[in-house]
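# Overview (structure and organization)
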Amino acid sequence: FILMEVRGGLIFDPHEAECRLVDRRLGVAEADQLCLCLHNTDCSALRCVDLSHNPLGPEGVERLSHALATRSNQLVKLSFSGTSCGNLGAIAVAEALRELRALHSLHLVGCGIGDSGGSALATILRKGSTLTELQLGYNVICGKAARALADAVLGASLLSIFS
């Protein structure tokens, strides 16, 4: 049984169903601590992870996406909104979606995602995804990438909420 204290005096318990550490100024160092906790613990109960509005950046989101994909296969909701993850973070999340087969809700609002991140998400949607909700508002996905994403969303049979 592992409890981990993170910035702001909050406790992360990977045995709980939810991990909501929103707007706690968590950066890459704290992301590494969370990853270590995830790797050393049974996370089968974890269903929701919300790390919105933390300065995780691409590196933190990439590391956490990988850790969640390898250790939390029952995750149904994931939010990295407002983390400034950019294209590299979105690509890492898209790669993690291959393993996160129970994931239904993904929020990447206002992350600075551009064309390459949007294309990666479009590719995973085209290959089949369990997502029913995808929130991508306030990013800068344009041109061919936006078109590919729109086509993928239209073809995604389970996806019912998209913004």
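As shown above, the structure is provided for reference.
As a convention, each chain's residues are numbered from 1 in the sequence order in which they are written. Restriction of local features to residues with pLDDT of at least 70 applies here, the model being predicted, together with a cutoff of 80 or more for giving and counting side-chain atom pairs; totals for whole chains, interfaces and linings are based on all residues. Computation of side-chain values covers all heavy atoms of the structure but excludes hydrogens and water.

### A few points about the sheet that holds strand β8 (residues 161-162)
In this description, strands pair whenever DSSP reports at least two bridges between them. For the purposes of this entry, the term helix denotes a DSSP run of H or I that reaches at least four residues, the term strand denotes a run of E that reaches at least two, and both are numbered from the N terminus. On the basis of which strands lie adjacent, the open sheet formed by six strands has the order β3-β4-β5-β6-β7-β8 and parallel pairing. Every other strand in the sheet has two partners, leaving β3 (18-20) and β8 as the edge strands with one partner each. For strand β6 (residues 105-107) and strand β7 (residues 133-135), the ladder comprises three bridges, and the chain directions are parallel. Among the inter-strand pairings, His-107 is bridged to a residue of β7, identified as Gln-135.

### Overview of unusual backbone geometry
The backbone phi angle of Asp-23 is positive, close to 55°, even though this residue is not glycine. With respect to the secondary-structure elements, Asp-23 resides in the loop between β3 and α1 (28-39). Even without being glycine, Ser-84 reaches a positive phi, approximately 55°.

### What to know about the environment of Phe-162
One can find Phe-162 in strand β8. As for Phe-162 and Leu-68, which are separated by 94 residues in sequence, their C-alpha atoms are 23 Å apart.

### Focus: the packing of helix α3 (residues 86-96) against helix α4 (residues 115-126)
An axis is simply a line fitted to the C-alpha atoms; with a helix, the fit covers only the stretch in contact. Between two such axes, the angle follows the N-to-C directions and lies from 0 to 180 degrees. Interaxial distance between α3 and α4 falls to 7 Å at its minimum, and their mutual angle equals 10°. One element, α3, and the other, α4, form an angle in the roughly parallel class. Of the residues in α4, those in contact with Asn-87, Ala-90, Ile-91 and Ala-94 of α3 are Asp-115, Ser-116, Gly-117, Ala-120, Leu-121 and Ile-124. Throughout this entry, Asp, Glu, Lys and Arg are counted as charged residues, while Ala, Val, Leu, Ile, Met, Phe, Trp, Tyr, Cys and Pro are counted as nonpolar. The remaining residues, Gly among them, count as polar. A class-by-class count of the residues in the contact of α3 with α4 yields six nonpolar, three polar and one charged. What sets the label is the angle itself: under 35 degrees gives roughly parallel, over 145 gives roughly antiparallel, 65 to 115 gives roughly perpendicular, and the rest give oblique. Here, residues are in contact when the closest pair of their heavy atoms is within 4.5 Å.

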